[in-house]
Amino acid sequence: MYVILGATGHTGSIVADTLLAKNQKVRVVGRNKERLSRFVARGAEAFEADATDPNALSRAFGRAKAAYALLPPDMGSTDYRAHQDEITNAIVRAIETSGVTHVVALSSFGADKPEKTGPVAGLHVLEQRLAKIPKLNVLNVRAGYFMENTLPQVGIIKNFGMMAGPVSADLRLPMIATRDIGAAAAEALLKLDFSGQQTKELLGQRDITYLEAARIVGTAIGIPNLTYIQMPPEQVIQGMTQMGMSKSMAALIIEMADSLNNGHMRALEPRTAANTTPTSYEEFVKEVFVPAYKGQARSA
Ligand SMILES: NC(=O)c1ccc[n+]([C@@H]2O[C@H](COP(=O)([O-])OP(=O)(O)OC[C@H]3O[C@@H](n4cnc5c(N)ncnc54)[C@H](OP(=O)(O)O)[C@@H]3O)[C@@H](O)[C@H]2O)c1
């Protein structure tokens, strides 16, 4: 039995779908059974649990041999780092009290650093805590910068006619489509060929800058001279909190952007076939960004 946290999300849904397609026994975890029902229709067991609740999570992990673990984000959390650590505690307890022997954990590039990486520091803690569980086999998937992070640009383009954010315009980022992360995690769970503590970076199809992303998006949506402007932190924080993000999370995003911009947070592995994934930013834009752009009206 495999247990999958965040099964309705970007990466977990791909993990669940892939394992079910291979006729594996799967228990999908989420906060709402209704949202999990599409997996139940395909033979999965659904388990309702909040990942901050160690007792519920321990029951969710019961009798499973392997798990896909992640720290589900709560952008509105007033203390985002504390929220991450609360979920890490619950995951650790759930593993310790269940028979789980293998865990694929969703981490990030930059999780080697203990601090100054914004939300990624919480993933460092997750990796460290999992490493201390006796006899557990862990694969920490250190994913690149999600292509989905560019989706909030839909609203910015509609309202200001440009792309904007805290990251330097010409910084080369290992941008990755979340579906490729899910596919790699599912493959590792099917093979279970990792032992002890392992990390694996996943760096997307190629490195890409926000300026290049703007050119690709612009071409796809019919604004050929669309550009990207790096904004001062105060303005970014104001924009993000207006969109409903907590001040705590907005501050962490700025810390992460600084860390990316000054090179503190960077991929450690050279790019190889093993850490390169198939989906290009052009494909992501065509299949995900453009439909989101077409579906979203200009805000007032
Ligand atoms: N953004 C990046 O560039 C980047 C890069 C590397 C790593 N990461 C990491 O990737 C992770 C997010 O992965 P993802 O995008 O696959 O996740 P996601 O899609 O944001 O969320 C996964 C699911 O978690 C569930 N969830 C939310 N809060 C929960 C809670 N308290 N208890 C139980 N379930 C809860 C939600 O489903 P329900 O509503 O159905 O419960 C949601 O669909 C984060 O830890 C992030 O730090 C991000």
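This text goes with the structure placed above it.
Now for a description of the structure that goes with this document. (Residues numbered from 1 in each chain as written. Predicted model: local features only at pLDDT ≥ 70, side-chain atom pairs only at ≥ 80, totals over all residues. Heavy atoms only, no water.)

Looking now at the sheet that holds strand β9 (residues 173-176). With mixed pairing, the three strands of this open sheet are ordered in space as β7-β9-β11. Edge strands, defined here as strands with exactly one partner in the open sheet, are β7 (145-146) and β11 (207-208). As paired strands, β9 and β11 are joined by two bridges and run antiparallel to one another. Considered in β11, the bridge of Leu173 is made with Ile208. (Pairing = 2+ DSSP bridges. Helix = DSSP H or I, 4+ residues; strand = E, 2+ residues; numbered from the N terminus.)

Here the focus is the site of the ligand. Close to the ligand lie 24 residues, the nearest being Thr8, Thr11, Arg31, Ala51 and Leu71. Between the ligand and Thr8 there is a distance of 2.7 Å, counted from an oxygen atom to a side-chain nitrogen or oxygen. A distance of 2.9 Å is found between an oxygen atom of the ligand and a side-chain nitrogen or oxygen belonging to Arg35. When the ligand is considered free in solution it has 940 Å² of accessible area, and contact with the protein chains removes 87% of it. Listed by contribution, the elements that provide at least two residues to the shell around the ligand are α1 (10-21), β5 (102-108) and β7. (Near = heavy atom within 4 Å. Polar contact = N/O pair within 3.5 Å; in protein donor to acceptor, adjacent residues only side chain to side chain. Areas by Shrake-Rupley, 256 points an atom, 1.4 Å probe, with all protein chains shown as cover.)

Looking now at the side chain of Ser246. Looking at the element boundaries, Ser246 is found in the loop between α9 (233-242) and α10 (247-261). Given a relative accessible area of 9%, Ser246 falls into the buried group. At 3.1 Å, the side chain of Ser246 forms a polar contact with the backbone nitrogen of Met249. Filtering out sequence-adjacent residues up to four positions away, Ser246 remains in contact with Met75, Gly76, Ser77, Thr78 and Thr241. (Buried < 20%, exposed > 50% of the residue type's maximum accessible area, 1.4 Å probe, protein only. Contact = heavy atoms within 4.5 Å.)

One open sheet holds the seven strands; their spatial order is β3-β2-β1-β4-β5-β6-β10, and the pairing between them is parallel. The sheet is open, and its two edges are formed by β3 (45-48) and β10 (197-202), each paired on a single side. With direction set aside, neighbouring strand axes in the sheet form an average angle of 20°. The sheet contact formed by β5 and strand β6 (residues 137-143) spans seven bridges and is parallel. Among the inter-strand pairings, Val104 is bridged to a residue of β6, identified as Leu139. (Axes fitted to C-alpha atoms, helices over the stretch in contact; angles between N-to-C directions.)

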